[in-house]
Amino acid sequence: MNRLDAMAHFVRVAELGSFAAAATQLGVARSVVTRQIAALESHLGVKLMERTTRRLTLTSAGQTYLERCRAILAEIDMAEAAVTEGRQQPRGQVRVGLPLSYGLKRLVPLLNAFARRYPEITLVMDFTDRHLNLIDEGFDVSIRITSRLEPGEVVRRLGDTRLLTVAAPEYLRRRGVPRHPLALREHDCLGYAPRLNGQGWTFRIDGEVRQVRLPLRMQASNGDALAAAAMAGLGVALQPDFIVADAIRQGHLQTVLEDFAPPPHGVYAVFPGNRFLPHRVRLLVDALQEGLSDKPAPVRWPETPAPPDNGGAATP
């Protein structure tokens, strides 16, 4: 029995709560994982797991052993990285979850550069906007854009993104410029479906961050689709800067309600809790953070046209 391999198998089984799931992630037969754990328990002379047909739980000895195994595997990975740095190419697979629009627009060029720099590292990229369960689904890291982190999440902040309220110049000439977030109730609004948290759009009003519920003329599950609808003159959209910045520069969209813009959202690398972080994953996150720290040239916002001021609203 290779004890380090057995430790790695044990950690994965404990994290996933399943021999079958661990075998799938490790790319081996379930029988291999079962034999590794059995050999480990025989070597230690203690039972690490209680197994029934429905569930797997760690014994008190198994819980203690799990924490020590995580620490040992992390130390080995860091020791190897320190010794081989500059002499050996990092290698292995990194599975990363990426938000769809942000991943395609901002992260793919950085990931391509990383792949050229480290040809022995295999990137497995999953583009999705859903909330990933990193441990159950076998991800090494995911990139998430949010204003609210879950308690206990292990993260590193990579950057920020701003939400901008935008509409086409033609729409604003026709319908007027909204001067207050509540004025949007008299406009055609384009938003996500289902709405995030069902709480409406976020604005900073009278120094406080508030949610404004709005009727939506059009709903979509993708921000690029909503930005395209806004450019077509169909209404007003609240979208992150990475989706609409180019359209603003080109004059296809214009910002409104700048004085009510909400606080920026953070861009985070989220890691599986309590799992040792391989050197190749740290290299990837370092590269993304370095790339995202290069701020793009400031957007020169076109002046808002002066249509009839029929979109105002009384201050609440």
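Scroll up for the structure.
For the structure given in this document, a descriptive report is provided here. Not measured: the values here are computed from a predicted model.

In terms of nonpolar packing, the biggest core is built from 37 residues, with Leu 107, Val 141, Ile 143, Leu 158, Val 244 and Leu 284 touching the most fellow members. With six residues, the top contributor of residues to this core is helix α10 (residues 279-292). Val 13, Ala 14, Ile 37 and Leu 40 belong to the second largest nonpolar core, which has 21 residues in total.

Spatially, β11-β8-β12-β7-β13 is the arrangement adopted by the five strands of the open sheet, whose pairing is mixed. A strand with exactly one partner marks an edge of an open sheet, and here the two such strands are β11 (216-220) and β13 (254-256). The mean angle between the axes of side-by-side strands here comes to 40°, regardless of whether they run parallel or antiparallel. Strand direction decides the pairing type here: strand β8 (residues 189-192) and β11, joined by four bridges, are parallel. Across the sheet, the residue bridging to Gly 191 is Gln 219, located in β11. Strands β8, β11 and β12 (236-240) of the sheet are contacted by helix α8 (residues 223-231), whose axis makes an angle of about 175° with β8.

Viewed as axis vectors pointing N to C, helix α1 (residues 3-16) and helix α3 (residues 30-44) meet at an angle of 110°, and their least axial separation amounts to 9 Å. With respect to their mutual orientation, α1 and α3 come out roughly perpendicular. Note on packing geometry: the crossing formed by α1 with α3 is left-handed. Facing α1, whose interface residues are Arg 3, Asp 5, Ala 6, Met 7, His 9, Phe 10 and Val 13, α3 presents Val 32, Val 33, Gln 36, Ile 37, Leu 40 and His 43. For the contact of α1 with α3, the per-class residue count stands at eight nonpolar, three polar and two charged.

Once that is clear, we can look at the pattern of salt bridges. Tallied over the full model, the rule gives 14 salt bridges. A salt bridge links Arg 156 to Asp 286; the shortest N-O distance between them is 2.7 Å. Separated by 130 residues along the polypeptide, Arg 156 in strand β6 (residues 154-161) and Asp 286 in helix α10 bring together distant segments of the chain. For Arg 156, a relative accessible area of 25% puts it in the partly exposed group. Residues Arg 210 and Asp 206 are paired through a salt bridge, measuring 3.8 Å at the closest nitrogen-oxygen approach. One continuous salt-bridge network, built from bridges that share partners, spans Glu 15, Glu 67 and Arg 70.

About the thresholds
- Residues numbered from 1 in each chain as written.
- Predicted model: local features only at pLDDT ≥ 70, side-chain atom pairs only at ≥ 80, totals over all residues.
- Heavy atoms only, no water.
- Core = buried A, V, L, I, M, F, W, Y, C linked by side-chain atoms within 4.5 Å.
- Buried < 20%, exposed > 50% of the residue type's maximum accessible area, 1.4 Å probe, protein only.
- Helix = DSSP H or I, 4+ residues; strand = E, 2+ residues; numbered from the N terminus.
- Pairing = 2+ DSSP bridges.
- Axes fitted to C-alpha atoms, helices over the stretch in contact; angles between N-to-C directions.
- Contact = heavy atoms within 4.5 Å.
- Parallel < 35°, antiparallel > 145°, perpendicular 65-115°, else oblique.
- Left-handed = near helix turned anticlockwise from the far one by under 90°.
- Nonpolar A, V, L, I, M, F, W, Y, C, P; charged D, E, K, R; others polar.
- Salt bridge = Lys/Arg side-chain N within 4 Å of Asp/Glu carboxyl O.

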